[in-house]
Amino acid sequence: MATEADSSGSSDSVDWRSESSSVEMTREERLADLYRRWVREPFVIAWSDLRTRVGLLLVVGYLAMGAVAVLGLWRTPQPNQGPRLLQPFENMAYPLGTTNSGVDLLALIIESTPFILLMVLAGGVWATTLAVLVGTVSGYKGGSVDNAIMSVTDFVMAIPGLPLVIVLAISISPENPIVLGVVLTINYWAGLGRSIRSQVLSIREADYVEASRTMGTSVPRIIGKDVLPNIMPYVMVNFVLAARYTIFASVGLYFIGVLPYTGQNWGVTLNNAYSNGALFNPAASHWLLVPMVAIIGLSFALILVSQGMDRIFNPRVRTRLTGESESTDEETTTGGTF
Amino acid sequence: MNYYLKRTARIPLTILAVLTLTFGLIRLLPGGPFTQLRIQLIRQGMPVEQVNARIAELQSIQPNAPLWQQYLDYVIAAVQLDLGQSISLNQPVIEVIAGALPWTVFLVVTSTVLMFVFGILLGAVQAYWEGSSFDRFTSSGSILLMSIPYYIFAVVGLFYLAYQFQLFPTGNAVARSVETGFTWEFFSSVLYHAVLPIAAFTIGGIGSTALNMRSNSIQVLGEEYVEVARLRGLTDSRIATKYVAQNAVLPLYTGLLLLIGFRLGGTVVLEEIFSYPGLGYYLIEAVNANDYPLMMGCFLVITATLVVAVYIADLTYGLIDPRISAGESDGY
């Protein structure tokens, strides 16, 4: 599959950067071009790397689990639906075993997936969007705007995340996954915004930004056209890290029982196992391990994808795809293994 | 104005801002934490004045005074280290915190230092042998470590090493029978109780530190000044320490500021799992007991600790990076 896309990618030898200058494309051509540039090429590059391939497959697996839960294709978790404390892989009707009240663990894990995915997405989107906004505006505008924004950022950064979330959780009781995702990363944007700002500081001195400025281009346009594409790789990688932080934080806080909950999720399962003595009872240890594996799998997938993201946005890898520079080929050997 | 002077002046300002935040959280949130207590006390048949006096004593503010007066009282009391009275422990909040703070600082500092040392060494070796099977093996190991939250190490360690094999204690910071003092017995007991929490908190962080150090070092190794240093005939050890290591550690050190923040917040889960009597442990205890003065006190002190830690990191940054500049960027 990768080779087919590869050859067709190199057969039309148009440089993807020069396309903006070519005039008169029909709507279809433009759509095809957009598809090639934003969907197929990134995918081919990502797929060529073993790490990203594993990561993407894992993410698809979690999405499928979410779909199974939404469509109700697996039984919903209920007490006494199976034997008590069944070990995993003993009875294939309950592949991951059961809890001490006979709840199917696989059903528990599946049912929590949509909640976790929504929360992770909300946390990542909120944290990175705000960070990009703060970082680019403050870094590009400089002067008093920069000073004002950075004072606020520094203050927000000075508040430790989890304790703040605990204090907030008591007052607003976030049970909706999207609200919870935002609450968990309520001050995550500050640190990220600061490091984006320092990158923007060097970009704004670049020649082409200088050129846009002398031409009188508006500030939002310069930020959107000249600054943003340059920091995109960094932002995407950090989106994944913010998503990972959201999982870690939420599960940790559910685990120690300070977040309010109505339904089940991996952290609540961990907490139930813990408070029912799974720690002292080897027969119940799978009850702790199963949600742990679910958490580690998702964050492992996210980290692998973020590693591949670096390559997608790396212009050197992209040009190789269009068949222009063969000289950088030896690079793949180190990157392709893990 | 002098950079250091400016930086120092920001500490009290930040702490004042956080005080304002905690005051706002206590006072302005719907319902308010003391509403519940007030209802409870009145239901017990306590006269209203007595209820008010009790609440005022708990939080060192007058509940019926105007808001600005309450705010001023709160700030003045906090500056005098009076954070009110803990409801659940029946002890001044500041006393509880004074006992808890050293444990938290001990955990965070020790594990952060260990994490940095191991991560940097590992990353440097990986970069030096880039592409070797050692590099590939440890890199994938690092990625795996990054995807495991520290509390999973904590729970697994507690399960096997403490409960199953009984090699380590399951909780507390020091054995009950040992008295506090400068004795060998005390210190060994403290270390013994801290091994598991510190290990759990350190292992997870090594992966990302090593990966960062590795990519920074590889980048630095490709720089021209390293090549020039070689051409000048400098010794390998000098190049490795002065040119490569120093420049590769720099970005990591900047990240340290952020890291301390996350790690201080992270002790909440860690201390709760190990029943380690630090700030995070008391924060959760306070949450579970609806003990708002203690809760806000812990929150305030965790924040203040973070502010001071970041301040120290910020000041020492200049020692590693001589280029540090406090110059303002000009506006467009």
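Here the structure is a predicted model, which is why all the values come from computation and not from measurement.

### Thoughts on the overall build of chain A
For chain A, the helix and strand inventory stands at 14 helices and 0 strands. Mapped in sequence order, the helices and strands of chain A form the string α-α-α-α-α-α-α-α-α-α-α-α-α-α. Here chain A holds 338 residues, and 50% of them are scored as buried. For chain A, long-range pairs separated by at least 24 residues make up 69% of all intrachain contacts whose partners lie at least 6 apart in sequence. Total accessible area computed for chain A in this model is approximately 15,200 Å², and 62% of it derives from carbon and sulfur atoms.

### Things to note about the overall build of chain B
Looking only at helices and strands, chain B features 12 helices and 0 strands. Its helices and strands taken in sequence order, chain B reads α-α-α-α-α-α-α-α-α-α-α-α from the N to the C terminus. Pairs at least 24 apart in sequence give 69% of the contacts found in chain B among residues at least 6 apart. For chain B, the exposed surface amounts to about 16,500 Å²; the carbon and sulfur share of it is 64%.

### Observations regarding the packing of aromatic side chains
Any aromatic ring pair is given by two values, namely how distant the centres are and how the planes are angled relative to each other. The full count for this structure, using the stated rule, is 18 aromatic pairs over all chains. Plain terms: the ring middles of Phe 168 of chain B and Tyr 192 of chain B are 5.9 Å apart, the flat faces sit at 35° to each other, and that makes the pair tilted. Of this pair, Phe 168 of chain B sits in the loop between α7 (150–164) and α8 (184–221) while Tyr 192 of chain B sits in helix α8, and the two are 24 residues apart along the sequence. For Phe 168 of chain B, a relative accessible area of 22% translates into the label partly exposed. Under the relative-accessibility criterion, Tyr 192 of chain B is labelled partly exposed at 39%. These aromatic residues form a ring-pair network of at least three members: Phe 255 and Tyr 274 of chain A together with Tyr 150, Tyr 151 and Phe 201 of chain B.

### Points about the interface of chain A and chain B
At the junction of the two partners, chain A supplies 57 residues and chain B supplies 51 residues. In this structure, the connection of chain A to chain B is made through 1 salt bridge. Here Arg 10 of chain B and Asp 154 of chain A are joined by a salt bridge, their closest N and O atoms 3.4 Å apart. Run the count over chain A and chain B and you get 6 residue pairs in polar contact (both at pLDDT 80 or more). Counting residues per element, the ones that place at least two in the side of chain A that touches chain B are α4 (105–141), α5 (143–157), α6 (161–172), α8 (188–203), α10 (219–255) and α12 (285–313) of chain A. Element by element, the count of residues in the side of chain A that touches chain B is highest for α12 of chain A, at 10 residues. Classifying every residue of the side of chain A that touches chain B gives 37 nonpolar, 12 polar and 8 charged.

### Looking at the side chain of Thr 209 of chain B
Residue and element names in this part refer to chain B. With respect to the helices and strands, Thr 209 occurs in helix α8. Given a relative accessible area of 5%, Thr 209 falls into the buried group. Among the polar contacts made by the side chain of Thr 209, one reaches the main-chain carbonyl oxygen of Gly 205 at a distance of 2.7 Å. For Thr 209, the residues in contact, after removing those within four places along its chain, are Met 115, Phe 116, Gly 119, Ile 120 and Leu 252.

### Looking at α10 of chain A
An α-helical segment advances 3.6 residues per turn. Residues three or four places apart therefore align on the same side. Over its 37 residues, α10 of chain A extends only 46 Å from the first C-alpha to the last, a length that falls short of the 54 Å expected when each residue adds 1.5 Å. Just past α10 of chain A, the residue Gly 257 of chain A takes up positive phi, approximately 75°.

### With respect to the UniProt feature "domain: ABC transmembrane type-1" (unreviewed entry) in chain A
Summarizing the sequence annotation, UniProt attributes the feature "domain: ABC transmembrane type-1" (unreviewed entry) to residues 117–306 of chain A in the numbering used throughout. For residues 117–306 of chain A, the helix share is 81%, the strand share is 0%, and the end-to-end C-alpha distance is 17 Å.

### Let's talk about the pattern of salt bridges
Taken as a whole and judged by the stated rule, the model has 7 salt bridges over all chains. When the shortest N-O distance is used, the salt bridge between Glu 210 of chain A and Arg 213 of chain A registers 3.3 Å. Here the residue Glu 210 of chain A and the residue Arg 213 of chain A both occupy positions in helix α9 (residues 207–214), the gap between them amounting to 3 residues, near one helical turn. A relative accessible area of 19% places Arg 213 of chain A in the buried class. Each of Asp 154 and Arg 194 of chain A together with Arg 10 of chain B takes part in one network of salt bridges that share partners.

### Here's the deal with the nonpolar core
In terms of nonpolar packing, the biggest core is built from 137 residues, with Leu 253 of chain A together with Tyr 151, Ile 273 and Phe 274 of chain B touching the most fellow members. A per-element tally of this core places helix α10 (residues 236–274) of chain B first, with 17 residues. Residues within four places of Ile 273 of chain B in sequence aside, it is in contact with Phe 255 and Tyr 274 of chain A together with Tyr 151, Ala 154, Val 155 and Leu 158 of chain B. Among the nonpolar cores identified, the runner-up in size contains 19 residues, and Ala 190, Val 209, Ile 223 and Ile 231 of chain A belong to it.

Calculation criteria
Residues numbered from 1 in each chain as written. Chains lettered and ligands numbered in written order. Predicted model: local features only at pLDDT ≥ 70, side-chain atom pairs only at ≥ 80, totals over all residues. Heavy atoms only, no water. Helix = DSSP H or I, 4+ residues; strand = E, 2+ residues; numbered from the N terminus. Buried < 20%, exposed > 50% of the residue type's maximum accessible area, 1.4 Å probe, protein only. Contact = heavy atoms within 4.5 Å. Areas by Shrake-Rupley, 256 points an atom, 1.4 Å probe, with all protein chains shown as cover. Phe/Tyr/Trp six-rings, centres within 6.5 Å; stacked < 30°, edge-to-face > 60°. Salt bridge = Lys/Arg side-chain N within 4 Å of Asp/Glu carboxyl O. Polar contact = N/O pair within 3.5 Å; in protein donor to acceptor, adjacent residues only side chain to side chain. Nonpolar A, V, L, I, M, F, W, Y, C, P; charged D, E, K, R; others polar. Expected span 1.5 Å × (residues − 1). UniProt positions renumbered as here; feature names shortened; annotations may be inferred. Core = buried A, V, L, I, M, F, W, Y, C linked by side-chain atoms within 4.5 Å.

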